[in-house]
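Listed below are the residues making up each chain.
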Amino acid sequence: MKDLKYIAAYSIPIIASISIFLRGYYSFLTPVYVFGIIPFIEFFTPASTENLDDTTRLSKSKRKVFNWLLYINLPIIYSILFFALFTITTTTLHLYEIIGIIISTGIVLGANGINVAHELGHRFTKERFIAKVLLLPSLYMHFYVEHNFGHHQKAATKDDPATAAFNQPLYFFWFTSVIGQYYSAWKIQKSILTQHKLSFLSIKNDMLWYQIITIFYLAIIFLCFNVTGLVFAVLCGIVGFLLLETINYIEHYGLVRKKTTSGRYERVREIHSWNSNHLLGRILLFELTRHSDHHYRASKKYQILDHHDLSPQLPYGYPTSMVLSFFPPIWFKLMNKHIPDQMKT
């Protein structure tokens, strides 16, 4: 039964469904739950540094239930998106209700879409296809290229757009990271094509395919739900990827890899990502919060990620940290003192 604790991650789409169904002021129930209720509960839930023993780790790495707990998010996010689109385009709503439903739907696209896509995208199997489909509603398919072939090589360096610099406000980071990652993804794709002596119009140009697929996806929404549905889908996607970027912000904030005498950066270690052992955040985000071990060994599945004593520890869980990051002065006051002096930039 302990393996099924990650079912709690489905509480976010359940709350979102209720928000969309009840409408009115309830349309804001999802952001209240994610940014209010969860952080509040997190203050009263424990953190655990416990790691699995070798026998248990091997056993859990092979259990299919952990894979299916991820796969089921695919029909969930598309069902909620369709439900929201149908509601928006067939019901007379006040502006505040529309805004609430956009935020609620976008949170699901980020938490249960991009987050799960991130996990599956690291697997060198057909599961990567599911990852890309999960990224589509957030209009962030390029994340697969940039994250796997860019961020994991450049994390905690000035060359990485997804690493927040010391004293960089979240809202500036949103701007630089969104644009920088998109540009980086194209740069990586161009390098891959050049390496294999392929042209821009090659069938193996994944980035080109992502643009075509995204346009096709939006065209279908336009045909089925008119302009209102199209605008709604785009805004939901923006909320989804800004949720991702907020998580990106807290994952590496202020941490820096030093350059060696050869001029290259030191290898990525467990000290270059913020870790959180707060149980509620770990469960709701499929262990994303043990981010230090994820970067240290990117191929490890979420259910067997470890705690490292050397890793910098967030004073709060990811949900609470996200809320704090919305208020830069408070974030800087609470976080800057936890950053090693030699890492401050």
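Looking at an unreviewed UniProt entry, one finds the chain named Alkane 1-monooxygenase, with Aquimarina addita as its source organism. Looking at the Sequence similarities (unreviewed entry) heading of the UniProt record, one finds this comment for the chain: "Belongs to the fatty acid desaturase type 1 family. AlkB subfamily."

This part takes up the packing of helix α5 (residues 73–90) against helix α7 (residues 127–135). Think of two packed helices as two axes; the pair is described by the angle between the axes and how far apart they sit. The contact between α5 and α7 brings their axes to 10 Å, and the two run at 15 degrees. Judged on the interaxial angle alone, α7 and α5 are roughly parallel. Taken as a pair, α5 and α7 cross one another with a handedness that is left-handed. Facing α5, whose interface residues are Asn73, Leu74, Ile77 and Tyr78, α7 presents Ile130, Val133 and Leu134. The residue inventory of the contact of α5 with α7, partitioned by class, reads 6 nonpolar, 1 polar and no charged.

Let us look at the UniProt feature "domain: Fatty acid desaturase" (unreviewed entry) in the chain. On the UniProt side, "domain: Fatty acid desaturase" (unreviewed entry) is annotated at positions that read residues 103–318 here. For residues 103–318, the end-to-end C-alpha separation is 19 Å, with 58% helix and 0% strand making up the annotated structure.

Moving on: the pattern of salt bridges. Tallied over the entire structure, the rule returns 8 salt bridges. Here Arg123 ties to Glu119 by a salt bridge, and the two come within 3.0 Å at their closest N and O atoms. Comparing Arg123 with Glu119, the two get one shared label, buried. Of the charged contacts in the structure, one is a salt bridge between Arg123 and Glu127, with a shortest N-O distance of 3.0 Å. With respect to class, Arg123 is no different from Glu127; both count as buried. One connected set of salt bridges, linked through shared partners, spans Asp54, Arg57, Asp293, Arg297, Lys300 and Asp306.

Despite not being glycine, Lys197 has its phi angle at roughly 55 degrees, a positive value. With a relative accessible area of 80%, Lys197 lands in the exposed category. Non-glycine residue Phe286 carries a positive phi angle of around 50 degrees. Its location among the elements puts Phe286 in the loop between α11 (279–284) and α12 (291–296). The exposure class of Phe286 is buried, given its relative accessible area of 4%.

Let us look at a nonpolar patch on the surface. On the surface, Val32, Ile37, Phe40, Ile41, Phe43 and Phe44 cluster together to form a nonpolar patch covering roughly 630 Å² of accessible area. The topology assignment puts Ile41 in helix α2 (residues 29–42).

Turning next to the nonpolar core. Formed by 84 residues in total, the largest nonpolar core has its most connected members in Leu120, Phe232, Tyr249, Tyr253, Phe286 and Trp331. Here this core takes 15 residues from helix α10 (residues 206–252), the largest share from any one element. With residues up to four places along the chain from it excluded, the contact list for Tyr253 reads Ala164, Ala165, Phe166, Asn167, Gln168, Trp274, Trp331, Phe332, Met335, Asn336 and Ile339.

Further remarks concern helix α14 (residues 328–335). By the burial criterion, the buried members of α14 are Pro328, Trp331, Phe332 and Met335. Projected down its long axis, α14 shows its buried positions confined to an angular sector of 95 degrees, all on one face. Opposite the packed face of α14, turned more than 90 degrees from it, sit the exposed residues Pro329 and Lys333. Looking at the buried side of α14, the elements it contacts are α9 (170–195), α10 and α13 (318–325).

Further remarks concern the layout of surface pockets. Rolled over the atoms, a probe with the dimensions of a water molecule shows which regions are left empty. Volume-wise, the largest pocket comes out at about 340 Å³. Together, 18 residues line the largest pocket, and Lys5, Glu50, Leu52, Lys60 and Arg282 are the ones closest to its centre. Within the residue set of the lining of the largest pocket, elements represented by two or more residues are α3 (54–62) and α11. Estimated volume of the second largest pocket: approximately 220 Å³. Forming the boundary of the second largest pocket are Thr125, Arg128, Phe129, Lys132, Val133, Leu136, Met141, Tyr144, Asp206, Trp209, Tyr210 and Ile213.

This part takes up the side chain of Ser321. Mapped onto the fold, Ser321 is located in helix α13. For Ser321, the residues in contact, after removing those within four places along its chain, are Ile250, Leu314, Tyr316 and Trp331.

As recorded in UniProt, the sites labelled "transmembrane region" (unreviewed entry) are residues 7–26, 32–48, 68–89, 95–117, 129–145, 165–186, 207–225 and 231–250. Taken end to end, residues 129–145 comprises 59% helix and 0% strand; its first and last C-alpha atoms sit 13 Å apart. Each end of residues 207–225 is marked by a C-alpha atom, and these two atoms are 27 Å apart; helix forms 100% of the span and strand 0%.

It is worth spelling out α7 at this point. For α7, the complete set of buried residues consists of Glu127, Ile130, Ala131, Leu134 and Leu135. What you see down the axis of α7 is that its buried residues fit within an arc of 140 degrees, all on one side. For α7, the secondary structure elements touched by its buried residues are α4 (65–71), α5, α6 (95–121) and α8 (143–154).

This next bit is on empty space enclosed by the protein. Going through the model one piece at a time under the given rule, you end up with 5 cavities of 30 Å³ or more. As a volume, the largest cavity reaches approximately 130 Å³. Lining the largest cavity, in full, are Ile12, Val34, Ile38, Ile107, Ala111, Leu243, Ile247, Gly281, Leu284, Leu285, Pro319 and Met322. Contributing elements (two or more residues each) for the lining of the largest cavity: α2, α6, α10, α11 and α13. For the lining of the largest cavity, a count of residues per class yields 11 nonpolar, 1 polar and no charged. In this structure, the second largest cavity encloses a volume near 90 Å³. Contributing to the lining of the second largest cavity are Gly110, Ile114, Asn115, His118, Phe143, His147, Leu244, Ile247, Asn248, Glu251, Leu288 and His291.

Conventions adopted
- Residues numbered from 1 in each chain as written.
- Predicted model: local features only at pLDDT ≥ 70, side-chain atom pairs only at ≥ 80, totals over all residues.
- Heavy atoms only, no water.
- UniProt positions renumbered as here; feature names shortened; annotations may be inferred.
- Axes fitted to C-alpha atoms, helices over the stretch in contact; angles between N-to-C directions.
- Helix = DSSP H or I, 4+ residues; strand = E, 2+ residues; numbered from the N terminus.
- Parallel < 35°, antiparallel > 145°, perpendicular 65-115°, else oblique.
- Left-handed = near helix turned anticlockwise from the far one by under 90°.
- Contact = heavy atoms within 4.5 Å.
- Nonpolar A, V, L, I, M, F, W, Y, C, P; charged D, E, K, R; others polar.
- Salt bridge = Lys/Arg side-chain N within 4 Å of Asp/Glu carboxyl O.
- Buried < 20%, exposed > 50% of the residue type's maximum accessible area, 1.4 Å probe, protein only.
- Patch = residues over 30% accessible without salt bridge, like charges linked within 9 Å, V, L, I, M, F, W, Y side chains within 5 Å.
- Areas by Shrake-Rupley, 256 points an atom, 1.4 Å probe, with all protein chains shown as cover.
- Core = buried A, V, L, I, M, F, W, Y, C linked by side-chain atoms within 4.5 Å.
- Arc of directions from axis to C-beta.
- 1 Å grid on protein atoms, 1.4 Å probe; cavity = no way out; pocket = protein on both sides within 12 Å on 5 of 7 lines; lining within 4 Å.
- Points joined across faces, edges and corners; volume = space filled by probe spheres on them.

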